[in-house]
Amino acid sequence: EAYYLRPEQAVGVYCNVYDLAWGPEDKEGKKKKVNSGLPGMGFGIYHSGIEVDGREVSFGYSDDGGTGVFEVPPLCAGGVMPRITFKERVHMGDIFRSRYEIDHLLNRLAEKYTGDSYDLVRRNCNHFSNELCVCLVGKKIPSYINRPANVGKGVLNFISVPANAIGRLMDGIKKGPRKDSNGAALSRESSAEDETAMAAAAEG
């Protein structure tokens, strides 16, 4: 029953940001960050996920015909995507939604963001994080996170980063339709509130 009840205390929503590491290892065995020197020029390539209700949710490439939405413990995306390193955790706001309402929204987005629809420029993890964040708190993620994709494909081609460097999912990542506390699949009909927020995120 608690699964359907709204909490008495606010639930924090965070955007967790990771640097992309790619290329030869340094003398200490660490991958060099693609972003080295780029933030100072106004650019940087990042992975992001939205932390809510004790989990971090993100989106990546998958060719198994299912969703590309997956979840990991907060701040642990590097455990399944070894070419990223944690950068910062940004508090985006607080909500009073029940776990059912959160799962209901995630289920809807999981259907929309299929794994094979991942595109480094037009539909990446940061686009997903932005839409989820708008749906939850009505606020966009920090603009710097997805600036290269917003500027255009030319910048990404210049940097020459493989799409699967930040998009491909690793085996064993939890993903798929959400279920309620009784194991039943959640409804595919989204609430009017979620639909409005998703439309606003798409327009932004």
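Our subject is the structure listed above.
Thresholds applied
Residues numbered from 1 in each chain as written. Predicted model: local features only at pLDDT ≥ 70, side-chain atom pairs only at ≥ 80, totals over all residues. Heavy atoms only, no water. Helix = DSSP H or I, 4+ residues; strand = E, 2+ residues; numbered from the N terminus. Expected span 1.5 Å × (residues − 1). Buried < 20%, exposed > 50% of the residue type's maximum accessible area, 1.4 Å probe, protein only. Axes fitted to C-alpha atoms, helices over the stretch in contact; angles between N-to-C directions. Parallel < 35°, antiparallel > 145°, perpendicular 65-115°, else oblique. Left-handed = near helix turned anticlockwise from the far one by under 90°. Contact = heavy atoms within 4.5 Å.

Draft legend 1. Molecular detail of helix α1 (residues 99-112). The end-to-end C-alpha distance of α1, which contains 14 residues, comes to 20 Å, matching closely the 20 Å that a straight helix rising 1.5 Å per residue would cover. Within the sequence span of α1, burial applies to I102, D103, H104, L105, L106, N107, L109 and A110.

Draft legend 2. Representation of unusual backbone geometry. Positive phi is not limited to glycine here, since D53 has a value of about 55 degrees. Relative to the elements of secondary structure, D53 occurs in the loop between β3 (46-52) and β4 (55-59). Residue D53 is classed as partly exposed on the basis of its relative accessible area of 23%. Even without glycine at this site, L75 takes up a positive phi of about 65 degrees. Mapped onto the elements, L75 comes out in the loop between β5 (69-72) and β6 (84-95). Of the residues examined, L75 reaches a relative accessible area of 39% and is grouped as partly exposed.

Draft legend 3. Seen up close, the packing of α1 against helix α2 (residues 125-137). Contact geometry for α1 and α2: axes closest at 11 Å, N-to-C directions at 150 degrees. Judged by the inter-axis angle, α1 sits roughly antiparallel to α2. As for how α1 packs across α2, the hand of that crossing is right-handed. Between α1 and α2, the contacting residues are L105, L106, L109 and K112 on the first element and F128, E131, L132, C135 and L136 on the second.

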